[in-house]
Amino acid sequence: VIHSLKNLGVTYSVIGREELHRGSMIDKDLVIAVGGDGTILNTASFMDDSIPVLGVNSDPTRLEEKGVTNVKDERRSRGALCGTTAN
(Lines give C-alpha, C1' and ligand atoms only; values in the text may rest on other atoms or scores of the structure.)
Protein backbone atom coordinates (compact mmCIF):
# COMPACT_ATOMS: atom_id res chain seq x y z
CA VAL A 1 0.00 0.00 0.00
CA ILE A 2 2.77 2.44 0.93
CA HIS A 3 4.64 1.65 -2.30
CA SER A 4 1.51 2.35 -4.36
CA LEU A 5 0.79 5.62 -2.55
CA LYS A 6 4.38 6.77 -3.10
CA ASN A 7 4.24 5.89 -6.80
CA LEU A 8 1.04 7.90 -7.17
CA GLY A 9 2.54 10.90 -5.40
CA VAL A 10 -0.08 10.79 -2.64
CA THR A 11 0.70 12.56 0.61
CA TYR A 12 -0.02 10.19 3.50
CA SER A 13 0.85 9.40 7.09
CA VAL A 14 1.30 6.01 8.73
CA ILE A 15 0.50 5.10 12.32
CA GLY A 16 0.51 1.79 14.16
CA ARG A 17 -2.76 0.43 15.47
CA GLU A 18 -1.54 0.90 19.04
CA GLU A 19 -1.23 4.67 18.36
CA LEU A 20 -4.81 5.05 17.08
CA HIS A 21 -7.16 7.35 18.95
CA ARG A 22 -10.31 9.24 17.96
CA GLY A 23 -8.45 12.37 16.87
CA SER A 24 -5.56 10.77 14.99
CA MET A 25 -7.29 10.69 11.60
CA ILE A 26 -9.63 13.68 11.91
CA ASP A 27 -8.03 15.64 9.05
CA LYS A 28 -7.91 12.70 6.62
CA ASP A 29 -10.17 11.96 3.67
CA LEU A 30 -9.47 8.22 3.54
CA VAL A 31 -8.04 5.67 5.96
CA ILE A 32 -6.49 2.43 4.71
CA ALA A 33 -6.28 -0.21 7.43
CA VAL A 34 -3.70 -2.90 6.64
CA GLY A 35 -3.83 -5.97 8.84
CA GLY A 36 -6.28 -8.62 9.84
CA ASP A 37 -9.98 -8.43 10.55
CA GLY A 38 -9.33 -7.11 14.06
CA THR A 39 -7.24 -4.20 12.79
CA ILE A 40 -9.88 -3.26 10.26
CA LEU A 41 -12.75 -3.50 12.74
CA ASN A 42 -10.83 -1.62 15.41
CA THR A 43 -9.99 1.15 12.95
CA ALA A 44 -13.61 1.46 11.82
CA SER A 45 -14.73 1.79 15.44
CA PHE A 46 -12.60 4.95 15.79
CA MET A 47 -13.88 6.61 12.61
CA ASP A 48 -17.12 8.48 12.11
CA ASP A 49 -19.27 8.20 8.98
CA SER A 50 -17.47 11.06 7.23
CA ILE A 51 -14.18 9.18 6.72
CA PRO A 52 -14.21 6.04 4.55
CA VAL A 53 -12.11 3.08 5.75
CA LEU A 54 -10.57 0.74 3.18
CA GLY A 55 -9.55 -2.59 4.71
CA VAL A 56 -6.62 -4.52 3.24
CA ASN A 57 -5.84 -7.92 4.72
CA SER A 58 -2.11 -8.44 5.14
CA ASP A 59 -0.63 -11.42 3.32
CA PRO A 60 0.69 -14.14 5.67
CA THR A 61 2.56 -15.78 2.76
CA ARG A 62 5.02 -12.89 2.43
CA LEU A 63 8.62 -13.44 3.51
CA GLU A 64 8.34 -11.31 6.64
CA GLU A 65 5.45 -13.53 7.77
CA LYS A 66 7.37 -16.81 7.35
CA GLY A 67 8.15 -18.64 10.54
CA VAL A 68 5.05 -17.52 12.41
CA THR A 69 3.61 -20.87 13.34
CA ASN A 70 0.81 -19.87 15.70
CA VAL A 71 -2.14 -19.02 13.43
CA LYS A 72 -3.65 -16.90 16.20
CA ASP A 73 -0.42 -14.96 16.70
CA GLU A 74 -1.09 -11.20 16.38
CA ARG A 75 2.31 -10.75 14.71
CA ARG A 76 0.76 -12.19 11.53
CA SER A 77 -0.90 -8.82 11.02
CA ARG A 78 0.99 -5.61 10.43
CA GLY A 79 -1.74 -3.46 11.92
CA ALA A 80 -0.68 -0.29 10.11
CA LEU A 81 -2.91 2.55 9.04
CA CYS A 82 -2.40 5.02 6.21
CA GLY A 83 -4.33 8.26 6.25
CA THR A 84 -4.47 10.58 3.27
CA THR A 85 -6.15 13.79 2.20
CA ALA A 86 -7.50 14.58 -1.26
CA ASN A 87 -5.00 16.51 -3.38
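Here the structure is a predicted model, which means the values were calculated and not measured.

**Some details on the overall build of the chain**
The helix and strand inventory of the chain stands at two helices and four strands. Ordered by position from N to C terminus, the α and β elements of the chain give α-β-β-α-β-β. Buried residues in the chain amount to 32% of all 87 residues. Of all intrachain contacts in the chain linking residues separated by at least 6 positions in sequence, the fraction that spans at least 24 positions is 55%. Accessible surface for the chain amounts to roughly 5,800 Å². Of this, 52% is attributable to carbon and sulfur atoms.

**Quick look at the environment of Val56**
Structurally, Val56 is set in strand β3 (residues 53–57). Among the residues examined, Val56 registers a relative accessible area of 27% and is labelled partly exposed. Here the alpha-carbon distance between Val56 and Asp37, two residues 19 residues apart in the chain, equals 8.9 Å. In this structure Val56 touches Val1, Ile32, Ala33, Val34, Gly35 and Ile40, once residues within four positions along its chain are discounted.

**Considering helix α2 (residues 37–46)**
Every buried residue of α2 is listed here: Thr39, Ile40 and Thr43. Around the axis of α2, the buried residues are gathered within 95° of arc, so they sit on the same side. Exposed residues on α2 whose side chains face more than 90 degrees from its buried face are Asp37, Gly38 and Leu41.

Basis of the calculations
- Residues numbered from 1 in each chain as written.
- Predicted model: local features only at pLDDT ≥ 70, side-chain atom pairs only at ≥ 80, totals over all residues.
- Heavy atoms only, no water.
- Helix = DSSP H or I, 4+ residues; strand = E, 2+ residues; numbered from the N terminus.
- Buried < 20%, exposed > 50% of the residue type's maximum accessible area, 1.4 Å probe, protein only.
- Contact = heavy atoms within 4.5 Å.
- Areas by Shrake-Rupley, 256 points an atom, 1.4 Å probe, with all protein chains shown as cover.
- Arc of directions from axis to C-beta.

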